[in-house]
Structures are given as C-alpha cells and as structure tokens.
Amino acid sequence: MFTSPSRYIGRFAPSPSGPLHQGSLVAAMASWLDARAHRGHWLVRIEDVDQPRTVAGADQLILAQLAQLGFRHDAPPWWQSQRFDAYQQVFDELARRGLIYGCGCTRREIADSRPAQPSLRTDGEHPYPGTCRNGLAPGRTPRAWRVRVPPGIICFEDRWMGRQCQDVGAEVGDFVLRRADGQWAYQLAVVVDDGAQGITHIVRGADLLGSTARQHLLCDLLGLPRPVVMHVPLITAADGRKLSKQNGAPAIDMQNPLASLMSAWQALGFAPFDCPGIGAFWEYATTLWAGRWKIAPEN
Ligand code: GLU
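Residues numbered from 1 in each chain as written. Predicted model: local features only at pLDDT ≥ 70, side-chain atom pairs only at ≥ 80, totals over all residues. Heavy atoms only, no water.

Undergrad: Tell me about the environment of Tyr87, and please be specific about residues and values.
TA: Along the chain, Tyr87 turns up in helix α3 (residues 84-96). Residue Tyr87 is classed as buried on the basis of its relative accessible area of 0%. Residues Tyr87 and Val190, spaced 103 residues apart in sequence, show a C-alpha to C-alpha distance of 9.7 Å. If we ignore the near neighbours within four places in the chain, the residues touching Tyr87 are Val49, Gln80, Trp184, Leu188, Ala189, Val192 and Asp193. (Helix = DSSP H or I, 4+ residues; strand = E, 2+ residues; numbered from the N terminus. Buried < 20%, exposed > 50% of the residue type's maximum accessible area, 1.4 Å probe, protein only. Contact = heavy atoms within 4.5 Å.)

Undergrad: Run through the site of the ligand, naming residues and quoting values.
TA: The immediate surroundings of the ligand are formed by Arg11, Ala13, Pro14, Ser15, Glu47, Tyr186, Val190, Arg204, Leu208 and Lys242. Within the side chain of Arg11, one N or O atom sits 2.6 Å away from an oxygen atom of the ligand. Contacts to the ligand include Arg204, whose side-chain N or O atom sits 2.8 Å from an oxygen atom. Classifying every residue of the shell around the ligand by side-chain character gives 5 nonpolar, 1 polar and 4 charged. (Near = heavy atom within 4 Å. Polar contact = N/O pair within 3.5 Å; in protein donor to acceptor, adjacent residues only side chain to side chain. Nonpolar A, V, L, I, M, F, W, Y, C, P; charged D, E, K, R; others polar.)

Undergrad: Provide a residue-level description of the pairing of strand β5 (residues 144-147), including the pertinent values.
TA: Bridge count for strand β4 (residues 100-103) against β5 is 4 bridges, and the pairing is antiparallel. Looking across to β5, one finds that Cys103 is bridged to Ala144. Note: β5 against strand β8 (residues 176-179), 3 bridges, orientation antiparallel. From the neighbouring strand, Ala144 faces β8, where its bridge partner is Arg179. (Pairing = 2+ DSSP bridges.)

Undergrad: Any details on the packing of aromatic side chains? Residues and values, ideally.
TA: Taken as a whole and judged by the stated rule, the model has 19 aromatic pairs. Between Phe273 and Tyr284 the ring centres are 4.8 Å apart and the planes differ by 90°, which places this aromatic pair in the edge-to-face class. On the criterion of sequence distance, the pair formed by Phe273 in the loop between α8 (257-267) and α9 (278-292) and Tyr284 in helix α9 is long-range, its members being 11 residues apart. Above the face of the Trp184 ring, Arg178 is positioned so that its terminal group lies 3.9 Å from the ring centre. Here Arg292 stacks its cationic end above the ring of Trp293, 3.9 Å away from the centre of that ring. (Phe/Tyr/Trp six-rings, centres within 6.5 Å; stacked < 30°, edge-to-face > 60°. Lys NZ or Arg CZ within 6 Å of the ring centre and 35° of its normal.)

Undergrad: Describe helix α1 (residues 22-37), naming the residues involved and giving the relevant values.
TA: Along its 16 residues, α1 runs 22 Å from first to last C-alpha, staying within 8% of the 22 Å computed at 1.5 Å per residue. Burial within α1 is extensive, with 15 of its 16 residues counted as buried. Immediately downstream of α1, the backbone of Arg39 shows phi near 55°, a positive value. (Expected span 1.5 Å × (residues − 1).)

Undergrad: For unusual backbone geometry, give the residues involved together with the corresponding values.
TA: At Arg39, a residue that is not glycine, the phi angle is positive and equals roughly 55°. Examined against the element boundaries, Arg39 turns out to sit in the loop between α1 and β2 (41-46).

Undergrad: Tell me what's going on with the pairing of strand β9 (residues 201-205), and back it up with residues and numbers.
TA: In terms of burial, β9 is a largely internal element, 5 of the 5 residues being buried. Where β9 meets strand β10 (residues 228-232), 5 bridges bridge the pair, whose relative direction is parallel. Looking across to β10, one finds that Arg204 is bridged to His231. For the segment spanning β9, helix α7 (residues 209-222) and β10, crossover handedness is right-handed. (Right-handed = clockwise from strand over helix to strand, strands pointing away.)

Undergrad: Got a sec to walk through the state of the cysteines? Specific residues and values, please.
TA: As enumerated under the stated definition, the model contains 1 disulfide in all. Each sulfur in the disulfide pair Cys155 and Cys165 lies 2.1 Å from the other. Judged by the sign of its S-S torsion, about 110°, the bond between Cys155 and Cys165 is right-handed. Of the two residues, Cys155 sits in strand β6 (residues 154-158) while Cys165 sits in strand β7 (residues 162-166), which places them 10 residues apart along the sequence. Cys105 takes part in no disulfide bond, and the closest cysteine sulfur to it belongs to Cys132, at a distance of 3.7 Å. Cys105 sits in the buried class, given a relative accessible area of 12%. (Disulfide = S-S within 2.5 Å.)

Undergrad: Summarise the sheet that holds β2; cite the residues concerned and give the values.
TA: With respect to topology, 3 strands assemble into an open sheet ordered β1-β2-β3, the strand pairing being parallel. Looking at the sheet topology across the chains shown, the edges are occupied by β1 (9-12) and β3 (78-79). Of the pairings in the sheet, the one linking β1 to β2 comprises 4 bridges and is parallel in character. Among the inter-strand pairings, Gly10 is bridged to a residue of β2, identified as Trp42.

Undergrad: Can you tell me about the packing of α1 against α8, naming the residues and giving the values?
TA: For the pair α1 and α8, interaxial distance at closest approach is 9 Å and the crossing angle is 80°. One finds that α1 runs roughly perpendicular with respect to α8. Counted together, Gln22, Leu25, Val26, Met29 and Leu33 of α1 and Ser260, Leu261, Ser263, Ala264, Trp265 and Ala267 of α8 form the full contact between these two elements. In terms of residue class, the contact of α1 with α8 is made up of 8 nonpolar, 3 polar and no charged. (Axes fitted to C-alpha atoms, helices over the stretch in contact; angles between N-to-C directions. Parallel < 35°, antiparallel > 145°, perpendicular 65-115°, else oblique.)

In structure tokens:
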C-alpha cells in the first residue's frame, strides 16, 4: 500500500479507451486540485480492466497529456491489467464466505423479468431480480458471477452532490463481479485497488455517482474504509449524455494547454482569470479551490 504523510490520498483513474478529452480533463483537474489543496498525494491508475474497450497506446498518450498539462503523480501509475491476481484473491474470499453465486440469465431475460416495472436506474440497466440466487436452473451454465447484496440502505455524504441514499438490493440487485469469460467487473476492480492504494478521497465525474453505493457496499463486505467522495458535474453532450469520443467530445487542444485548462476550470463553475503560464494557473486555481471547499491550509 502507498502511504502518505498527510491523511489524504486521491487518484485519477482513466479508462484508456482513447486520449483524454475536455470532459475527462474536468474530472482529472478536480481530483488533482483537491489533492493539492489538502497537501495530499495524488495517484494515477490506468483502468484497463475492460480489455475489449482498451485501445493500444492510449495509456501512454494519457500519461503524456497529463504531464504536458502540469499534473504530477506522487507514485508510479498502476495498471489494472496487472492486478488480476489481487481481484482473484478477493473474489475467492467472497466465494468462501458464500457471498457469490453463478447466474445464467441473459440481459434480455433480466429486462423481461419485471415487465411492469420501469427501470429505476439512470443508467437504463434493469435491477437484477435474483433469479439464480438459489441455484441455476437445470441445463443452464453461469454467464456471470454475482455478489449477494445484503438488505439495507447505503447512505453517504457526497461533498458536491450532498446526501445520497440507495437501496442497492432493490435498485440494482445482486451485481456482477466477474463474467464467465473471465472479465473482471469495474465495481470489483475499483474497490480492490482503491483499498490497496489506501485511497482516502475519490473525486470523479458525476456519471459514477450511481456506482458509489455498490462500491461502499463492497468496502463494507471486505472490511475496507469507505473513501470520502465528491462527484463533479460533467460537461454533457447536446443530448444530455456523458461526453465521449462517440458523441463528439472536444479533444484537448494540446497546442494551447493553458486555454484547455482554463476551459475545464470554467466547466467546474469558476470564473476565468489571467495568468502567465501553467505553473501559475495551478497555483492560483489550487488556492481558489481550497477557498471554495473550505480546506484549511494546515491540513
Ligand atoms: N475508469 C473510470 C472512467 O474512466 C473512472 C473510475 C473511477 O474514477 O472510479 O470513467
């Protein structure tokens, strides 16, 4: 585990499906400013757990972009593709405790199993109704392994969004930790890695707000402390969806890094200011961020 002299360890965890774009820069900036304002440490983790979505070379491109924009990580980056043994260990422990079961349902079957009930979730996924909780139907083979979600409501205080509560069992259901083809789920990987890296604070885009209760629930099951969270509003596409390469996210203008930083800064709700260069931008932005979030300088 990485140890920090301050009580704060933050991280930026990009998925290498392409270079950073203006949308991902906003999340990177917020996590970096918050770590600096707390005099904490800031780590970078390349989330290439979803191998089909990983684009060769995008990791190095992202690291080069971050360096050119003046971000400095405090320890060598981690790659999730090198962490599969750790995921397996945690998976085995949960399995030993009877908390995992194989599920043979297809997406279609899950969607059809509650036709009268519209999806409760903003991501459009349907809650899993627990069909295979007590064993697979004869002749079925597992397509995925799910965790048994204990009953109860998970509540947490989001520093930006305020208090959030989710009944994970009802709104999400038992969720997938691993697919039958061996693919590890983001929810498991992120919790295992945040725990192993000693992450105390997560600052990331609001598209992941809906995943937080699941991640806190896994922390509780594994005896890991829940990180403090802040979800920052994302720049959205014209249709309101998260910006992605597919729907025209503006690329970062690397010829003009200061202008790109200033535009991400404005997306976080701050007014632009004049400054001579990247170093001065980060200095002043850190002070303003600390003021906005009332972070005491002696922290
Ligand atoms: N890898 C995720 C993404 O790029 C972020 C995960 C996280 O910050 O927890 O959307």
